[in-house]
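Structure at a glance
Read off the chains here:
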Amino acid sequence: MSGRALSFGGVAEAYERFRPGYPVELFAMVMAYAGRPVPTALEIGAGTGKATRLFAQQGIAVTATEPDGSMLAELRKHVPANVATVRAAFEDLRPGERYGLVYAAAALHWTNPEGRWPRIAALLEPGGVFASFGGPFRPADAAVQEAVGAARAPFLESDEIPSPDGTPPDHEMQWPGSELQRSEWFTDVRQAVIERQVTMTAHDYVGHLSTVSAYLVLPASAREQAFSRIRQVLPDTVEMTADLTVHLARRRHED
């Protein structure tokens, strides 16, 4: 895994504090797509369990996998008893039990593209559902977004993750849907957007940035300089656009 993928453990508590959770609307969307009861699910890269809670609180027996011990320890503080936890990278999981749902919350881009879809298919029941969801977290005001970009520029051109397969941002089907459409293992690929607005203080917005991998891999001095410059251009309260792009696909019945 890349340095960015493994950079979160030192900020597990901040990640829990400053990252937003996931809406019940997301759970309803996944279940409507499934079209049948989903008793078990496997989560890839569960982090501190923001998405884990959404699915587990609805009665699904979730197995949450996460390679970082500090993130997993934080997750265990917050999830219900029906959650099993496994410290492992996705690539280290071995086929065994199959699940009705496999999902990744803002984590799939950290997985190794080589063999990604056969590995996910091997963890799913025939007809089971794969779901991936996430999206950029940006100031809603264009002027604030531009000011933040200018303040960040000496240290980072961008703090977002580029499309792993190079799909341009204006393409109708975004990644990972673009890969799922080409995969022999999946069918009925769909993409939807759940619109979200989040209001936070300037302090909490910088706290959120302190959990973003692009900053975490900077030298400490550069990171603090970047945060200081960004704080100076922020209003007291920041309106954020936090839309979720959701991708859904169904595992083909053929083994």
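Residues numbered from 1 in each chain as written. Predicted model: local features only at pLDDT ≥ 70, side-chain atom pairs only at ≥ 80, totals over all residues. Heavy atoms only, no water.

Here we take up the side chain of Arg 250. Here Arg 250 shows up in strand 10 (residues 244-251). Exposure remark for Arg 250: the relative accessible area of 18% places this residue in the buried category. Contacts of Arg 250, omitting those with residues within four sequence positions, involve Tyr 33, Ala 34, Gly 127, Gly 128, Val 129, Trp 185, Phe 186, Thr 187 and Asp 188. (Helix = DSSP H or I, 4+ residues; strand = E, 2+ residues; numbered from the N terminus. Buried < 20%, exposed > 50% of the residue type's maximum accessible area, 1.4 Å probe, protein only. Contact = heavy atoms within 4.5 Å.)

As a further point, take the sheet that holds strand 10. Each strand in a sheet pairs with another by means of backbone hydrogen bonds, the pair being arranged parallel or else antiparallel. Strand order across the open sheet formed by 7 strands is 3-2-1-4-5-10-7, with mixed pairing between neighbours. Only two strands of the sheet have a single neighbouring strand rather than two, namely strand 3 (83-86) and strand 7 (186-194). Averaged over all pairs of adjacent strands, the angle between their axes in this sheet comes to 20°, without regard to strand direction. Packed on one face of the sheet, helix 2 (residues 24-34) meets strand 4 (99-105), strand 5 (124-134), strand 7 and strand 10 and runs near 25° to strand 10. Contacts from helix 4 (residues 69-76) reach strand 2 (61-65) and strand 3, with the element oriented near 170° to strand 3. (Pairing = 2+ DSSP bridges. Axes fitted to C-alpha atoms, helices over the stretch in contact; angles between N-to-C directions.)

With antiparallel pairing, 3 strands are arranged side by side in an open sheet as 6-9-8. A strand with exactly one partner marks an edge of an open sheet, and here the two such strands are strand 6 (138-139) and strand 8 (197-201). Note that strand 6 and strand 9 (residues 237-241) share 2 bridges and pair antiparallel. Note that in strand 9 the partner of Pro 139 across the bridge is Met 240. Together, strand 6, strand 8 and strand 9 form the strand contacts of helix 8 (residues 202-209), whose direction differs from that of strand 8 by roughly 105°.

Along the chain, Gln 225 turns up in helix 10 (residues 220-233). Classification of Gln 225 by relative accessible area gives partly exposed; the value is 44%. Through-space distance from the C-alpha of Gln 225 to that of Arg 182 is 43 Å; in sequence the pair is 43 residues apart.

Time to look at the nonpolar core. Counting residues in hydrophobic clusters, the biggest one holds 30 residues, and the most contacted among them are Leu 26, Phe 55, Leu 101, Tyr 103 and Phe 133. At 6 residues, helix 2 tops the list of elements feeding residues into this core. Excluding residues within four positions of it along the chain, Leu 101 makes contact with Val 30, Met 31, Val 38, Thr 40, Ala 41, Leu 42, Phe 55, Leu 124, Val 129 and Ala 131. (Core = buried A, V, L, I, M, F, W, Y, C linked by side-chain atoms within 4.5 Å.)

Moving on, we come to the environment of Asp 68. Among the secondary structure elements, Asp 68 is positioned in the loop between strand 2 and helix 4. Given a relative accessible area of 17%, Asp 68 falls into the buried group. Distance from Asp 68 to Gly 45, taken between C-alpha atoms, is 8.9 Å for residues 23 residues apart in sequence. In terms of polar contacts, Asp 68 uses its side chain to reach the backbone amide nitrogen of Met 71, at 3.0 Å. (Polar contact = N/O pair within 3.5 Å; in protein donor to acceptor, adjacent residues only side chain to side chain.)

A cis amide bond links Trp 175 to the next residue, Pro 176, at an omega of 5°. Positionally, Pro 176 belongs in the loop between helix 6 (142-152) and helix 7 (177-182). The phi torsion at Ala 106 lies on the positive side, around 50°, for a residue other than glycine. Along the polypeptide, Ala 106 turns up in the loop between strand 4 and helix 5 (116-122). Non-glycine residue Asp 188 carries a positive phi angle of around 55°. Considering the arrangement of structural elements, one finds Asp 188 in strand 7.

In short, the description is geometric, and any link to function would need to be established separately.
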